[in-house]
Amino acid sequence: MENVKVAIWGFGAMGQGMAKMMLNKKGVEIAGICCRNAARQNKGMYEILGVNGIQPDIIITNDVDKAIAPKSCDVVLLCTDSFTAQAYEKIEILANKGLNVVTIAEEMAWPAAQQPQLAQKIDDIARKNGISILGTGINPGLVMDLLAVCLSACMVDVTGVMCKRVNSLSPFGPTVMREQGVGLSEEEFAEGLKNHTVAGHVGFAESIAMIAEGLGLEIDGFEQQMQPIITDIDRKSPYGFAAKGNLAGVNMTAQGTKNGKVIIDMYHPQQIEPEMVGVQTGDYVELAGTPPVSMAIKPEIDGGLGTIAMAVNCIPHVINADAGLITMLDIPVPRAIMGDFRKLIKDGKKVAK
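Please read these numbers as outputs of a predicted model, since none were measured by experiment. (Residues numbered from 1 in each chain as written. Predicted model: local features only at pLDDT ≥ 70, side-chain atom pairs only at ≥ 80, totals over all residues. Heavy atoms only, no water.)

Undergrad: Can you lay out the nonpolar core for me, pointing to particular residues and giving the numbers?
TA: Counting 72 residues, the largest nonpolar core has F11, M22, L77, V161, I264, M266 and I315 as its most contacted members. By residue number, the principal contributor to this core is helix α9 (residues 204–215), which donates five residues. Those residues in contact with V161 that lie beyond four places of it in its chain are A148, I211, L215, L217, I263, I264, D265, E286 and L287. Core analysis: the second largest hydrophobic core is formed by 27 residues, A7, L99, A126 and L325 among them. (Core = buried A, V, L, I, M, F, W, Y, C linked by side-chain atoms within 4.5 Å. Buried < 20%, exposed > 50% of the residue type's maximum accessible area, 1.4 Å probe, protein only. Helix = DSSP H or I, 4+ residues; strand = E, 2+ residues; numbered from the N terminus. Contact = heavy atoms within 4.5 Å.)

Structure below.
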C-alpha cells in the first residue's frame, strides 16, 4: 500500500508542527500545502521548517486548487479559523474535492452546539461526497471533554462533571495575546468584551455538549463567564507583556445546567507566566457518582503540541470512518501512533491511490 497522503491548509505554528511530526512518522507523507502568508508562498516546505527530509519537497502556494487537487490525498489537515462559520467555506471546498478533513477550529469539535444549521449542511455535503469531517484538538477535543467521557467508563452512574484546565499563555503568539486581553487595562478589557475583541477560550459550549451527549446527561441550559486576571507584578512572555495592574490573561468559566442545577462545570484560567505568582498549571477532571473519579495531570498538557498530535493521530480514524460529520465520540479512542500509519487503514478506504 502506498503511503497515507496528507495535505495541510494553513501553515502557521500548528500546520508546521503537524508537518514536522509527520516527517518523523512511517507510512505517511505530505502531498500539498496551502498557506495565505505571503512570506511562505513559493518556498519549499523544508526551507520554512528548517529541516532536511527524505520525502519530495512541497512548494507552498496560496492557490488551494494547485496545492490540493481532487483525490490528491487521503485527508486534509485544516489549520485555520476557530469558528464553524469561518471554516465552512474551506470545508465545503475540500468536501467537493472528495477529501476527508480534520479541522482544529474549536467550534468544529461539536458544531451543532452553536451552529446546528451549518452542522447539518456540513454533514449533508460530507455524505454526498462520501467523506468524513472531524473537528479535534487538545481543548476542545480531549482534556475538557473526551477525557471525562473516557474516565466515566469505570462508573456505575454519573451525577456531575467538573473539568478544569489551568494553563500558561506564554508560548503563544501575538494573536492569542490580543484575544486573551494580555496587557489590557481593566477599562480596555471591559470595552473588549463589548466589541468582542477579547474572545477568551472558544469551545465551552462544544465541550459541554460532547460530555452531555456522551454520558446521556440531560442539559437544558448553558452559561459562560469571563473575568480579568489582574497581575500585581510586571510579567513578560516572548510575545506578551502585562504591567502591574493590567491583565495577565482571563479566567473563563461555564456551566451546563438542568432545571437550574449545575451538572457540568468548567474552569479555565489562562495567563502569561503564571508561575511568577505561584500558580501551577494542570489539567483536572472530577466525576461525581459511583464510584467518584478524580484525575490530575500536572503540569498542564502542552496546548500547542497536544493539538498538533491530536490532529495527526486522528488521521487513520477519519479515513476509516463512515461518511458524514463526525466527532471524537464516533472514532476509536485516539492514541499515539508509533508504528506504520498504513497498517491502521481499512481496505478500500484510501482516497489517493
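Having seen the model, we can carry on.
Undergrad: Tell me about the sheet that holds strand β12 (residues 282–290), and please be specific about residues and values.
TA: Read from one edge of the open sheet, six strands run β7-β10-β11-β6-β12-β13, paired in mixed fashion. In the strand order of this sheet, the two ends are held by β7 (221–230) and β13 (293–297), each with one partner. Across this sheet, the average inter-strand angle for adjacent strands is 10°, counted without regard to direction. Two strands pair when backbone bridges link them, and strand β6 (residues 157–168) and β12 are joined in this way by nine bridges, in the antiparallel orientation. Its bridge partner being in β12, K164 is matched across the sheet by Y284. Its contacts with the sheet place α9 against β6, β7, β10 (247–258) and β11 (261–271), and it is angled at close to 140° to β11. (Pairing = 2+ DSSP bridges. Axes fitted to C-alpha atoms, helices over the stretch in contact; angles between N-to-C directions.)

Undergrad: Tell me about the pairing of strand β1 (residues 4–9), residues and numbers included.
TA: Across the six residues that make up β1, a large majority, six, are buried. Neither face of β1 is open: one carries V4, V6 and I8, the other K5, A7 and W9, and all of them are buried. Pairing analysis gives six bridges linking β1 to strand β2 (residues 28–34), with the strands arranged parallel. Each bridged residue has a counterpart across the sheet, and for V6 the counterpart in β2 is I30. Handedness of the crossover is the feature at issue here: the chain leaves β1, passes through helix α1 (residues 13–23), returns alongside β2, and the resulting connection is right-handed. Where β1 meets strand β3 (residues 75–78), four bridges bridge the pair, whose relative direction is parallel. The residue of β3 that forms the bridge with A7 is V76. (Right-handed = clockwise from strand over helix to strand, strands pointing away.)

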